[in-house]
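Residue strings, one per chain:
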Amino acid sequence: MDTDYDVIIAGAGVAGMVTAASAAKHSKGTLRILVIDRNSKDEAGKKTSAGWVCGDAVSKNSLDYLHREVDIRYDKPELEQAVHGVVAYSPDHSSKAMFDGEGYVLNRKLLPQRQLRDAEKLGVEFLFDTYAEALRTDDGFITGVHCRSAKNNSTFNKSSKLVVDATGSASRLRTSLPIKSRIEKEIDKENDMESTGRYIIKFEAAKKDSTFFDPNYCIIHLDQEIAPGGYAWVFPKGEDKMNVGLGVQKRLLERRNRRLGRKDTLQSLIDEYVRTNPVIRSWKPSEMVDDKGNEKGSWQVPVRRQNDCMVANGYMIVGDAAWMPRPIDAGGIGPAIYASTIAGKVISETLEAKDTSERGLWKFNTEYVKAYGYRMASFEILRRFLQILSNEDLNYGMKHFLGQDDVDSITRREHPEFKQVSLSSPARIIWALPRLALARGLRYTAHKSMRLIQHYMNYPSSPEGFEEWHTKFMNELREAFNKFS
Ligand SMILES: Cc1cc2nc3c(=O)[nH]c(=O)nc-3n(C[C@H](O)[C@H](O)[C@H](O)COP(=O)(O)OP(=O)(O)OC[C@H]3O[C@@H](n4cnc5c(N)ncnc54)[C@H](O)[C@@H]3O)c2cc1C
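Residues numbered from 1 in each chain as written. Predicted model: local features only at pLDDT ≥ 70, side-chain atom pairs only at ≥ 80, totals over all residues. Heavy atoms only, no water.

Enquirer: How do you make sense of the pattern of salt bridges when you look at a structure like this?
Expert: Where charged atoms from two side chains of opposite charge approach closely, those side chains can pair. Counted by the stated rule, this structure contains 39 salt bridges. A salt bridge links glutamate 133 to arginine 148, with the shortest nitrogen-to-oxygen separation between them at 2.7 Å. Note that glutamate 133 is positioned in strand β9 (residues 130-138) and arginine 148 in strand β10 (residues 141-149), a separation of 15 residues in sequence. Note on arginine 148: relative accessible area 22%, which makes it partly exposed. (Salt bridge = Lys/Arg side-chain N within 4 Å of Asp/Glu carboxyl O. Helix = DSSP H or I, 4+ residues; strand = E, 2+ residues; numbered from the N terminus. Buried < 20%, exposed > 50% of the residue type's maximum accessible area, 1.4 Å probe, protein only.)

Next comes the structure, spelled out in structure tokens:
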């Protein structure tokens, strides 16, 4: 079949750009690849009219992976600030845990420009100012995209052997997928979407307090009053510049408001969080040209495991469109880099083998699950458990129940085992007595997580095994959901 392109990638965010570069690299430039984005070229990758809304933090590990696999290494100015790691503080600030190791705070507006140059050098074509409005089909396969010009509303079609949906968390392509598939179309918005927002600001310092700002560390504040069901963050972008914001679960914010008789919104919480930061004497949105149009904004992040199936005949989902951000910290750049790199490799192989069926693309599911995705369901359970804890639980838990082993596990993106809260003897139970329910909850979470990880490691090697695997998996998961509901 003659098509305009081999691959069309909808969305020029992190996921779309890395998929394009990886597919071009792995196919040694033989594939005709088109990336479509609704933004203009100089605003590539802009998530919403409010900008490239993000906390901007990424681990060095994921960038090293990209370098190893696709031979692309980012640098200044898109890497705005190097950091030694992430420090999470308990609500009373008396305990802290250091996660993650080396990383960077990105300039998300400049990153797509760098990615665009890299992809163009590899032969990728771009179509900007264009909406990917709907998927085209033929005989149970996706065969291209119905497009609409953002400039003059004209409509036209582009055909391809494969369409990759990298249009982010509000993907309309996935929700209206017109062929039979195993991909879940809708997310549970109430439980699995976080509302998040942030400023990029310049500030004049009132004093030094490294629990509120540290140019060498990304700071996370766990606090159910400030950020119910989520967390607040201060990520450095220089000595007097920061990305500052927070994420909430809407339902838990409403519950908190009812309890406190308040009418706070996401924005009022962010404003209060900035106002009460003792390091900030005065502040204003960054006026740097590289931040213009990106100083303030809010957007949604999925915080469940990735879609349990990410391929269909002629179609793949990646990045936020596939719900890839890590459930406990909503970090989506790292998973998008791993997944898109793998996606590019699989695209190259399947097109060479002339098999873009669900079966032909299935390797994307298995390879991503093996490399990264197998632990996401366990983090989903941990996230659900953490969300029901009070500030007192968090203070106590971080002080007494969180061991260095657990911190190391989280840094390795493994599920913590919470060995500290072993309730194996009467003495241990007496020791844990002040917060026995919390200790039991942590033990349950650790146990359930191991089972979920085990189950995900047995991900089916072909579509036939999926239904049976998925039914068992959902039974396991639902038991935990019910426990924490
Ligand atoms: C406030 C906030 C803070 C965050 N902080 C962090 C953090 O510190 N670290 C981290 O790792 N992750 C963070 N995340 C998550 C991270 O930003 C996302 O996981 C990541 O951007 C996902 O990339 P993506 O390419 O999948 O989607 P997106 O970045 O959303 O890109 C999608 C692209 O597709 C385009 N598009 C959408 N629909 C269409 C269409 N129909 N046609 C054509 N183009 C379309 C969009 O305009 C955009 O260019 C944060 C998210 C938010 C909202």
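Enquirer: Explanation requested: the site of the ligand in the structure shown.
Expert: Taken together, 36 residues sit near the ligand, with Asp37, Lys47, Gly55, Ala57 and Asp320 positioned nearest. In this structure, an oxygen atom belonging to the ligand sits 3.1 Å away from a main-chain N or O atom of valine 14. Backbone polar atom of alanine 132 to a nitrogen atom of the ligand: 2.9 Å apart, as the coordinates give it. For the ligand, the accessible surface in isolation is 1000 Å², of which the surrounding protein chains cover 95%. When residues of the shell around the ligand are traced back to their parent elements, those giving at least two are α1 (14-26), β9, β14 (232-236) and β17 (296-302). Among the residues forming the shell around the ligand, the class breakdown is 17 nonpolar, 12 polar and seven charged. (Near = heavy atom within 4 Å. Polar contact = N/O pair within 3.5 Å; in protein donor to acceptor, adjacent residues only side chain to side chain. Areas by Shrake-Rupley, 256 points an atom, 1.4 Å probe, with all protein chains shown as cover. Nonpolar A, V, L, I, M, F, W, Y, C, P; charged D, E, K, R; others polar.)

Enquirer: Whenever I open this one, the nonpolar core confuses me. Can you help?
Expert: Counting residues in each nonpolar core, the largest one holds 104 residues, and the members touching the most others are Val7, Ile33, Tyr315, Met316, Ile347, Phe364 and Tyr368. For this core, the leading source of residues is helix α8 (residues 333-352), giving 10 residues. What tyrosine 368 contacts, discounting residues up to four positions off in sequence, is Gln306, Met310, Met324, Pro335, Tyr338, Ala339, Ile342 and Gly373. Counting residues in hydrophobic clusters, the runner-up holds 23 residues, among them Ile201, Phe212, Ala232 and Ile270. (Core = buried A, V, L, I, M, F, W, Y, C linked by side-chain atoms within 4.5 Å. Contact = heavy atoms within 4.5 Å.)

Enquirer: Help me out: how do you make sense of the sheet that holds strand β3 (residues 57-59) in this one?
Expert: Within a beta sheet, neighbouring strands are joined by backbone hydrogen bonds and run either parallel or antiparallel to one another. Here three strands make up an open sheet; going across it, the order is β3-β7-β4 and the pairing antiparallel. Each of the sheet's edge strands pairs with one partner strand only, and the pair in question is β3 and β4 (79-83). On average, each strand axis in the sheet is tilted by 30 degrees relative to the strand beside it, whichever way the strands run. Bridge count between β4 and strand β7 (residues 103-106): four bridges; the pairing is antiparallel. Across the sheet, residue alanine 82 finds its bridge partner in β7, namely tyrosine 104. (Pairing = 2+ DSSP bridges. Axes fitted to C-alpha atoms, helices over the stretch in contact; angles between N-to-C directions.)

Enquirer: In this structure, what is going on with the packing of helix α11 (residues 391-401) against helix α14 (residues 436-457)? I would like to understand it.
Expert: Think of two packed helices as two axes; the pair is described by the angle between the axes and how far apart they sit. The N-to-C vectors of α11 and α14 enclose an angle of 65 degrees; their axes lie 11 Å apart at closest approach. The angle between α11 and α14 falls in the class roughly perpendicular. Helix-helix and strand crossings are classified by hand; for α11 and α14 the assignment is right-handed. Listed contacts from α14 to Asp393, Gly397 and Phe401 of α11 are Leu438, Ala439 and Leu442. Along the lines of polarity and charge, the residues of the contact of α11 with α14 split into four nonpolar, one polar and one charged. (Parallel < 35°, antiparallel > 145°, perpendicular 65-115°, else oblique. Left-handed = near helix turned anticlockwise from the far one by under 90°.)

Enquirer: I keep staring at the packing of aromatic side chains and nothing clicks. Help me out?
Expert: We describe a pair of aromatic rings using the distance from one ring centre to the other and the angle between the two ring planes. Going through the model one piece at a time under the given rule, you end up with 19 aromatic pairs. Three or more aromatic residues joined by ring pairs form one cluster here, namely Trp362, Tyr456, Tyr459, Phe466, Trp469 and Phe473. The positively charged end of arginine 384 is found above the aromatic ring belonging to phenylalanine 481, 3.6 Å away from the centroid. The residue whose ring lies beneath lysine 483 is tyrosine 444, and the NZ or CZ to ring-centre distance is 4.7 Å. (Phe/Tyr/Trp six-rings, centres within 6.5 Å; stacked < 30°, edge-to-face > 60°. Lys NZ or Arg CZ within 6 Å of the ring centre and 35° of its normal.)

Enquirer: Sorry, what's going on with helix α3 (residues 111-121) here?
Expert: Helical periodicity: at 3.6 residues per turn, an α-helix aligns residues three or four positions apart in one direction. Of all the positions in α3, only Leu111, Pro112, Arg114, Gln115, Leu116, Asp118 and Ala119 are classed as buried. The elements touched by buried residues of α3 are α1, β7 and β8 (125-127).

Enquirer: I would appreciate a short explanation of the pairing of strand β1 (residues 5-10) in the present structure.
Expert: On a regular strand, each side chain points to the face opposite its neighbour's, so the side chains alternate between the two faces of the sheet. Counting buried positions along β1 gives six out of six residues, so the element sits mostly inside the fold. Direction of pairing for β1 relative to strand β11 (residues 155-165): parallel, over a ladder of five bridges. Paired with isoleucine 8 across the bridge in β11 is valine 163. Crossover β1 to strand β2 (residues 33-36) through α1 is right-handed. (Right-handed = clockwise from strand over helix to strand, strands pointing away.)

Enquirer: Looking at this model, I keep getting lost on helix α9 (residues 358-371). Mind explaining?
Expert: The terminal C-alpha atoms of α9, which comprises 14 residues, lie 20 Å apart, in line with the 20 Å expected from a rise of 1.5 Å per residue. On its buried side, α9 packs onto β11, β18 (311-312), β19 (315-317), α8, α14 and α15 (466-484). (Expected span 1.5 Å × (residues − 1).)

Enquirer: I keep staring at the packing of helix α10 (residues 376-387) against α15 and nothing clicks. Help me out?
Expert: Two numbers describe how α10 lies on α15: the axes approach to 9 Å, and their chain directions differ by 10 degrees. In terms of their interaxial angle, α10 and α15 are classed as roughly parallel. On α15, the residues touching Ala377, Glu380, Ile381, Arg384 and Phe385 of α10 are Phe473, Leu477, Ala480, Phe481 and Phe484. Split into classes, the residues belonging to the contact of α10 with α15 amount to eight nonpolar, no polar and two charged.

Enquirer: Teacher, can you tell me more about the pairing of β9 here?
Expert: Here β9 runs beside β10; their pairing, made up of eight bridges, is antiparallel. Bridging from a neighbouring strand, aspartate 138 pairs with phenylalanine 141 of β10. What sits between β9 and β10 in their antiparallel hairpin is a turn of two residues, with aspartate 139 showing a positive phi close to 55 degrees.

Enquirer: Explanation requested: the environment of alanine 20 in the structure shown.
Expert: Here alanine 20 is to be found in helix α1. According to the relative accessible area criterion, alanine 20 is buried, its value standing at 0%. With near-sequence residues (within four places) excluded, alanine 20 lies in contact with Ile9, Ile33, Val35 and Val124.

Enquirer: Before we go on, may I ask you to explain the environment of glutamine 404 in this structure?
Expert: Counting through the fold element by element, glutamine 404 comes out in helix α12 (residues 404-411). On the accessibility criterion, glutamine 404 (54% relative accessible area) is exposed.

By themselves, these observations are geometric and do not establish any function.
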